[in-house]
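Report on the structure
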Amino acid sequence: MEVTALTWIVAILGLLIMGILASLQFVAVLRPRTEWTIENVYGGTPDGTDPTAYFAFNQGYAWADSFLWAPLQVAGSIGMLLGERWGFLLALAASIPYVYTAIPIFIWDRDMGFRENTLFYWLIVWGMFPAYGILEGVYAFVRLID
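Below is a short write-up of the structure. Only a predicted model underlies this, so the values are computations on that prediction, with no experimental measurement involved.

**What to know about the overall build of the protein chain**
Scanning the protein chain from terminus to terminus reveals seven helices and zero strands. Of the regular secondary structure in the protein chain, the N- to C-terminal order runs α-α-α-α-α-α-α. Taken against the 2.2 N^0.38 rule, which gives 15 Å for 146 residues, the C-alpha radius of gyration of the protein chain at 16 Å falls within 12% of a compact globule. With the C-alpha coordinates of the protein chain rotated into their principal frame, the extents come out at 50 × 30 × 20 Å. Counting only carbon and sulfur atoms, one obtains 71% of the accessible surface of the protein chain, whose full area is about 8100 Å². When the 6 positive and 12 negative side-chain charges of the protein chain are each reduced to one mean point, those points stand 3 Å apart.

**So, helix α2 (residues 35–42)**
Residues that lie three or four places apart on an α-helix share one face, since the helix turns once every 3.6 residues. Turning to α2, its buried residues are Thr37, Ile38 and Tyr42. When α2 is viewed along its axis, its buried side chains cluster within an angular range of 100° and face the same direction. With respect to the buried face of α2, the exposed residues turned more than 90 degrees away are Glu35 and Glu39. Residues of α2 that are buried in the fold lie against α1 (5–30) and α3 (51–81). Trailing α2 by a residue or two, glycine 43 shows a phi angle of about 80°, which is positive.

**Observations concerning helix α5 (residues 102–112)**
Along α5, the residues classified as buried are Ala102, Trp108 and Asp109. Along the axis of α5, the buried residues cluster in a sector spanning 125°; they form a single face. Projecting away from the buried face of α5 at angles above 90 degrees are the exposed residues Ile103 and Asp111. Structurally, α5 contributes buried residues whose contacts are with α3, α4 (85–100), α6 (119–125) and α7 (128–145).

**Description of the side chain of serine 66**
Relative to the elements of secondary structure, serine 66 occurs in helix α3. Filtering out sequence-adjacent residues up to four positions away, serine 66 remains in contact with Ala22, Gln25, Phe26, Val29 and Pro71.

The rules we used
Residues numbered from 1 in each chain as written. Predicted model: local features only at pLDDT ≥ 70, side-chain atom pairs only at ≥ 80, totals over all residues. Heavy atoms only, no water. Helix = DSSP H or I, 4+ residues; strand = E, 2+ residues; numbered from the N terminus. Rg over C-alpha atoms; globule rule 2.2 N^0.38 Å. Areas by Shrake-Rupley, 256 points an atom, 1.4 Å probe, with all protein chains shown as cover. Lys, Arg positive; Asp, Glu negative; His and termini not counted. Charge placed at Lys NZ, Arg CZ, Asp CG, Glu CD. Buried < 20%, exposed > 50% of the residue type's maximum accessible area, 1.4 Å probe, protein only. Arc of directions from axis to C-beta. Contact = heavy atoms within 4.5 Å.

Given below as structure tokens:
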């Protein structure tokens with residue numbers, strides 16, 4: 001498959017976004033209950049809710065992101081840059097969690113009081129994930145049916 005400028009943009013964005021997310025989540029896998037992880041990865045505080053539920057929710061995402069989603073995204077991005085059809089297929093599969101996980105996190109942030117009515121929150125903290133997921137999913141799908 002032809003590697004276009006848009007392929008490079010989508011693939012590199014995927015590697016950057018997932019690189020940051022996976023790095024933070026891997027720290028959460030290694031050090032799940034440290035103050036730094038709570039403050040910089042999870043957000044909020046376990047004292048604001050049931051601590052068992054708080055850590056279970058956040059650690060579940062940390063493990064899934066580190067060992068399932070990140071490798072899928074990295075393989076998809078590399079495959080797209082190599083012009084391989086399987087790369088676009090993996091990128092399409094990797095696009096789904098960007099949108100899917102945004103929904104429970106949106107509800108969690110709302111109900112736990114973590115959500116902020118700031119441009120930074122809506123564009124960076126929460127919004128970039130579903131926006132990128134839609135971009136990657138649509139792009140990979142269009143390229144696959146082309």
